[in-house]
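Geometric and topological summary
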Amino acid sequence: MKFKLIGNHSDPELLQAWIDDMLNKNQINSIQVKINENNILECLFIQTSQMSTWFEKYINIVHIDSSFKINIENYQLYVCLVQNANLKGVPAAYCLMNSGIKDNLEFFYSAMSKNNDLTKTQVVIVDKDLTNIDILQQYFNNAKILLCVFHVLKYLKNQINVLKISLENRMNIMKNVRQLLYDNNQMSAIYLENIKTNAEETNFYEYFQVNWLSCCEMWQTKYRKCLFNFGTDTNNHIERFNRTLKSKISSRMHLSECVQKLVLIAEDAKTDEMNI
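Throughout what follows, the structure given in this document is the object of discussion. Quantities reported herein were computed from a predicted structural model and do not represent experimental measurements.

Considering the overall build of the chain
When its secondary structure is counted, the chain shows 10 helices and 7 strands. For the chain, with 276 residues in total, the buried portion stands at 51%. For the chain, contacts bridging at least 24 residues in sequence account for 61% of all contacts bridging at least 6.

Concerning the nonpolar core
Among the nonpolar cores identified, the biggest contains 86 residues, and Phe55, Tyr94, Leu96, Phe108, Phe140, Phe208 and Trp219 are the most heavily contacted of them. If one sorts the elements of this core by residue count, helix α10 (residues 255-275) sits on top with 8 residues. Sequence-distant contacts of phenylalanine 55, defined by excluding residues within four places in its chain, comprise Gln47, Val62, Cys80, Val82, Ala92, Met112, Asn116, Asp117, Leu118, Thr121 and Phe140.

What about the environment of lysine 175?
Looking at where lysine 175 falls in the secondary structure, it is placed in helix α6 (residues 167-182). On the accessibility criterion, lysine 175 (48% relative accessible area) is partly exposed. In this structure the C-alpha to C-alpha distance between lysine 175 and isoleucine 195, which are 20 residues apart in sequence, comes to 8.9 Å.

Regarding the packing of aromatic side chains
Inspection of every chain in the model, using the stated rule, returns 8 aromatic pairs. Ring centres of tryptophan 212 and tryptophan 219 lie 6.1 Å apart, and the angle between their planes is 85°; on these two criteria the pair is classed as edge-to-face. Judged by its relative accessible area of 0%, tryptophan 219 is buried. Among the aromatic residues, those joined into a cluster by ring pairs are Tyr155, Phe204, Tyr207, Phe208, Trp212 and Trp219.

Some points on the sheet that holds strand β2 (residues 41-47)
Pairing is mixed across the open sheet formed by 7 strands, whose spatial order is β1-β2-β5-β4-β3-β6-β7. The open sheet is flanked by β1 (30-35) and β7 (144-147), the only strands paired with a single partner. Going from strand to strand, the sheet's axes swing by 20° on average, the running direction of each strand aside. Lying on the sheet, helix α1 (residues 12-25) is in contact with β1 and β2; it crosses β1 at an angle near 145°. Sheet contacts for helix α2 (residues 49-57): β2, β3 (61-67), β4 (76-83) and β5 (89-97); angle to β5, the most-contacted strand, approximately 120°.

Thoughts on the pattern of salt bridges
Applying the stated criterion across every chain, the model contains 3 salt bridges. The closest approach of N and O atoms between lysine 25 and aspartate 21, which form a salt bridge, is 3.5 Å. Of this pair, lysine 25 and aspartate 21 both sit in helix α1, 4 residues apart, roughly one helical turn. Judged by relative accessible area, which is 59%, lysine 25 ranks as exposed. On the basis of relative accessible area, aspartate 21 is assigned to the partly exposed category, the value being 40%. The shortest N-O distance in the salt bridge between glutamate 42 and lysine 34 comes to 2.4 Å.

Points about the pairing of β1
Here β1 runs beside β2; their pairing, made up of 6 bridges, is antiparallel. Bridge pairing links lysine 34 to cysteine 43 in β2. Where β1 folds back on β2, the antiparallel hairpin that results is connected by 5 residues, among which asparagine 39 adopts a positive phi of roughly 70°.

Here we look at helix α7 (residues 188-198)
Helical geometry note: an α-helix holds 3.6 residues per turn, so side chains three or four residues apart project in the same direction. If you check which residues of α7 are buried, you get Ser188, Tyr191, Leu192, Ile195 and Asn198. Mapping the buried residues of α7 onto a view down its axis gives an arc of 135°, with all of them on the same face. For α7, the secondary structure elements touched by its buried residues are α6 and α8 (204-211).

Some remarks on the packing of helix α5 (residues 149-161) against α8
Orientation of α5 relative to α8, taken along the N-to-C sense of each, is 155°, at an axis distance of 11 Å. Taken together, the axes of α5 and α8 lie roughly antiparallel to each other. Crossing hand, α5 versus α8: right-handed. Each of Tyr155, Leu156, Gln159 and Ile160 in α5 lies in contact with α8, whose residues at this interface are Phe204, Tyr207 and Phe208. Considered class by class, the residues forming the contact of α5 with α8 number 6 nonpolar, 1 polar and no charged.

Calculation criteria
- Residues numbered from 1 in each chain as written.
- Predicted model: local features only at pLDDT ≥ 70, side-chain atom pairs only at ≥ 80, totals over all residues.
- Heavy atoms only, no water.
- Helix = DSSP H or I, 4+ residues; strand = E, 2+ residues; numbered from the N terminus.
- Buried < 20%, exposed > 50% of the residue type's maximum accessible area, 1.4 Å probe, protein only.
- Contact = heavy atoms within 4.5 Å.
- Core = buried A, V, L, I, M, F, W, Y, C linked by side-chain atoms within 4.5 Å.
- Phe/Tyr/Trp six-rings, centres within 6.5 Å; stacked < 30°, edge-to-face > 60°.
- Pairing = 2+ DSSP bridges.
- Axes fitted to C-alpha atoms, helices over the stretch in contact; angles between N-to-C directions.
- Salt bridge = Lys/Arg side-chain N within 4 Å of Asp/Glu carboxyl O.
- Arc of directions from axis to C-beta.
- Parallel < 35°, antiparallel > 145°, perpendicular 65-115°, else oblique.
- Left-handed = near helix turned anticlockwise from the far one by under 90°.
- Nonpolar A, V, L, I, M, F, W, Y, C, P; charged D, E, K, R; others polar.

Purely geometric numbers; function is a separate question.
So this is what it looks like as structure tokens:
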């Protein structure tokens, strides 16, 4: 199987040699590729035997996020992370994509479903900017898809800060959004009315209704109290993992070196787990 990579300074032969070595080394290792009609590599799915073991063992809650600027060819990295017995994030699968379009995300989730029983996952936590969440629900069909609370507040704060109203009004909107996030229905109507009143002369309340109230079960904490999520409301586990990742991988690496580092990071996580 031959393919090309994005960019003029790439070496697809080195990547192909790495893929062959990984598959020959362990039959449980899964490396799957998606190639377009021009023979360009669009997706590269990686799940080592250890990653597969982690997913099977810690299947209840899954975190999914993306990371950028980790190779010269500019392939994005999507990470599926699970929490081990010490509630520390460990990688269960990687997927490198030339873009986060619907077809590529579907390839990622489809590759996951071929190797793993996704029906046992109870919770998947993602960020608001992860696209095509509906596709994710199709594959993790028994799971509750939740938004990371930290990123919900961060995203809404950015939206509120650009409103052309007084600072006091913006602060009041943010205060009521935060209260609405943690409310148990007792004061929700009041918080919503306060948001609407302080956002007058803007379209923020209409935006909030369409984009946030329509999916409130994904971000309001009252909807997750009975879920098996270890009390986890954020993607901080994956954010910490991404910081570790970016300390060892850089945008100056070719994809062939990047994938080797990704596997080494997983092996380091296994060593850390054994030493605890």
